[in-house]
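Summary of structural features
Here is what each chain is made of, one letter per residue.
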Amino acid sequence: MTGDPIRRALDDVWYCVGESRSLRPGAMRSVSLGEEAVVIGREASGALFALRDRCPHRGMALSAGRLVDGHLVCPFHGWQFRPDGVCAAIPALARRDDANFASVRLARFAVAEKSGLIWVHASANPASADPEAAPPIPEVEFDYCGQLVEILEVEASFDLVALSFVDPAHVAYVHDSWWWRPSKTMKEKVKQFAPSPFGFTMTSHTAKTASFAYRLLGSIPEVEIEFRLPGVRLERITAGEKRLANYTFASPLPNGRTALINAMYWNISGLTLLKPIARPLMRQFLGQDRDVLQIAQRGLDRKPAMVLMGESDVQSQWYFSLKREFLRAREAGTAFVNPLEPRELRWRS
Ligand code: FES
Ligand SMILES: [Fe+2]
C-alpha cells in the first residue's frame, strides 16, 4: 500500500457491492469498500440501508447480529440501532441510569439499487456528497428480460483490474477461447473515441469480424463501449430491436484485493434459455482475467511501475488522467473537467 492517492481506489464515488436479490427483506450482510466494513440491510418495506459495520460499544460487527422489528441488534450486548444509524436502546441500562444513548450513532452510507444491483457510496457522510459531482450509477436503458451476474475476487489492486477494462492488447493473449476469438490472426483495428461524462466512449461501429458470441444476435450488431470512473465498463450491443448490455465493474476490497463484477442484460427471450451455457463461459472469461491479474500484481508488488507504450496503451493513460483530474477537482472543490479530446486509436489484436 502506498500513500499516493493516485494509487488508491477513489473514495467519493459509488461502488457495486452485489446483487439486489442477494438481500431479501429483513436480511442484512457485511460488504467491504476498501478497508471500510459496511453492513447493508433491507427493511421489511424493501428500503435499503448501509451503516458502518462496527458497534460503537466494543467494536462488534453488527452484520453478525439480527434485524428485529426494524432495529439492528448487536449480538454482543444487545444495543439496538435504527436503520438511520441512531442508537434506539441499550438493554443493560438500569432505570435510573440516564445515559443519553440517542447521541450514539453509526456512520451512514448512501445506498442505491439500479438494474438489479446494489451500490454503496464510499464516503461515510452522504450529506457532503453532491450526487452530481460523482460518476452516475450505471443503469440499463432498455427493458431487459434476462440478467446474468458473476462476481469474482481478484488479488490485485483496483487500478490493475480497472486497467484491464481498457486494455485491448490483452484480449488476444488472455481471452483466446474459440467462442470469443475464433481467428488467431492479429489484425489492425481502428476505433474512434470521444470523451463522455467522467470517462470516454468508443463510438458505435459495426463489428465486421463478429465473434461467435456476437453472432448469436442474428444480424450484424452495433457496439458501443463506454468507460467511466471509478472502474466501470459499459458495453452496449444493438442489433435491430435486440439489445444486449455487458457491464463490468471493479469494487475495492480489503488488503489490496478487488471485486470483479460482470452483469449481462438482454431483451431477447431466446437468450434466457442459454443461461446455463452462458454462466460457465462468463466465469471462464472472468477467470482468465483474474488469473493473469493476480500474477501481474506480484510483479507490481516488487516494483510498482508500468511502462505504457503505443496507442494500445492510450486508454490506460486516459484512465490515470481521469483519475488525476477527479482527485484535483475534489482537492480544489471545483467541478470535474474531462481532460480528454476525441481521438482515433489503432492497435493490433
Ligand atoms: S459491542 Fe455491541 S452492544 Fe456491546
Ligand atoms: Fe479481460
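Quick caveat, the model's predicted, so the values are computed rather than measured.

Definitions and limits used
Along each chain, numbering runs from 1 in the same order as the chain's sequence is written. Whichever chain is written first is A, and whichever ligand is written first is 1; the rest continue in order. Confidence filtering applies because this is a predicted model: local features only for residues at pLDDT of at least 70, side-chain atom pairs given and counted only at 80 or more, and all residues used for totals across whole chains, interfaces and linings. The basis for every side-chain value is the complete set of non-hydrogen atoms in the structure, without hydrogens or water. Strand pairing is defined by DSSP finding a minimum of two bridges between the two strands. A run of H or I in DSSP becomes a helix once it reaches four residues, and a run of E becomes a strand once it reaches two; helices and strands are each numbered from the N terminus. Between the N-to-C directions of two axes lies an angle of 0 to 180 degrees, each axis being a line fitted to C-alpha atoms and, for a helix, fitted only over the stretch in contact. Each metal site lists N, O and S donors within 2.8 Å (3.2 Å for Na, K and Ca). With water left out of the atoms, a site can look as if it is missing ligands. Geometry assignment treats four donors as tetrahedral when all angles are between 85 and 135 degrees, treats four as square planar and six as octahedral when opposite donors are over 155 degrees apart and all others between 65 and 115, and treats everything else as irregular. Think of it in three bands: with a 1.4 Å probe and only protein chains considered, a residue is buried below 20% of the maximum accessible area for its type, exposed above 50%, and partly exposed in between. In this entry, domain limits derive from an automatic or database-based domain assignment. The contact criterion used is simple: two residues touch if any of their non-hydrogen atoms lie within 4.5 Å. Values labelled buried area give the accessible surface lost by two parts on being combined, using a 1.4 Å probe and summing over both. Whenever a carboxyl oxygen of Asp or Glu lies within 4 Å of a side-chain nitrogen of Lys or Arg, that contact is scored as a salt bridge. The span expected for a helix works out to 1.5 Å for each residue beyond the first. Side-chain atoms within 4.5 Å link the members of a nonpolar core, which is a set of buried Ala, Val, Leu, Ile, Met, Phe, Trp, Tyr and Cys residues.

What about the sheet that holds strand β9 (residues 111-114)?
Sheet strands line up and pair through hydrogen bonds in the backbone, either parallel or antiparallel. Judged by pairing direction, the sheet is antiparallel, and its three strands sit side by side in the order β1-β10-β9 without closing on themselves. A strand with exactly one partner marks an edge of an open sheet, and here the two such strands are β1 (14-19) and β9. For this sheet the average axis-to-axis angle between neighbouring strands, irrespective of direction, equals 30 degrees. Relative to strand β10 (residues 117-121), β1 runs antiparallel, the two being bridged by five bridges. Residue glutamate 19 lies in a different strand from β10, and its bridge partner there is leucine 117.

Examining the coordination of the iron ion (ligand 2)
Each protein donor to the iron ion (ligand 2) is listed here as His170 (NE2), His175 (NE2), Asp289 (OD) and Asp289 (OD); together their distances run 2.1 to 2.6 Å. What the four donor atoms of the iron ion (ligand 2) show is an angle range of 55 to 152 degrees at the metal, which sorts the shape as irregular. Each donor residue of the iron ion (ligand 2) lies on one chain, and together they are spaced H-x4-H-x113-D. Each member of the pair histidine 170 and histidine 175 is classed as buried.

Examining the domain arrangement of the protein chain
For the protein chain, the assigned domains read domain 1 (5-132) and domain 2 (139-348). Of the residues lining the interface, 24 residues belong to domain 1; the matching set on domain 2 comes to 30 residues. Interface of domain 1 and domain 2: buried area, both sides summed, is about 2,200 Å²; carbon and sulfur atoms make up 64% of it. When the area that domain 1 buries against domain 2 is broken down by residue, the three leading residues are Ile6, Leu10 and Ser115, summing to 28%. Taken together, domain 1 and domain 2 are joined by one salt bridge.

Digging into the pairing of strand β4 (residues 48-52)
Most of β4 sits out of view: four of its five residues are buried. Taken together, the five bridges between strand β3 (residues 36-42) and β4 define a ladder with antiparallel strand orientation. Bridging from a neighbouring strand, arginine 42 pairs with leucine 48 of β4. Taken together, β3 and the strand that follows it, β4, pair antiparallel across an intervening segment of five residues, in which glycine 46 is found at a positive phi of about 100 degrees.

A closer look at helix α6 (residues 314-332)
What sets the pattern is the α-helix's 3.6 residues per turn: residues three or four places apart point alike. Here α6 contains 19 residues, and its C-alpha end-to-end distance of 27 Å stays within 8% of the 27 Å for a straight helix at 1.5 Å per residue. Along α6, the residues that are buried comprise Val314, Gln315, Ser316, Trp318, Tyr319, Phe320, Leu322, Lys323, Glu325, Phe326 and Ala329. The first or second residue beyond α6 is glycine 333, which carries a positive phi of 70 degrees.

Quick notes on the nonpolar core
Among the nonpolar cores identified, the biggest contains 57 residues, and Ile40, Val161, Phe200 and Tyr319 are the most heavily contacted of them. Ranked by the residues each element gives to this core, the list is headed by α6, at seven residues. When residues of this core are sorted by domain, at least three fall in each of domain 1 (5-132) and domain 2 (139-348). If we skip the residues at most four places from it in the chain, tyrosine 319 touches Phe158, Asp159, Ala162, Leu163, Phe227, Leu229 and Pro230. In terms of nonpolar packing, the next biggest core, distinct from the first, is built from 19 residues, Trp119, Phe142, Val149 and Val232 among them.

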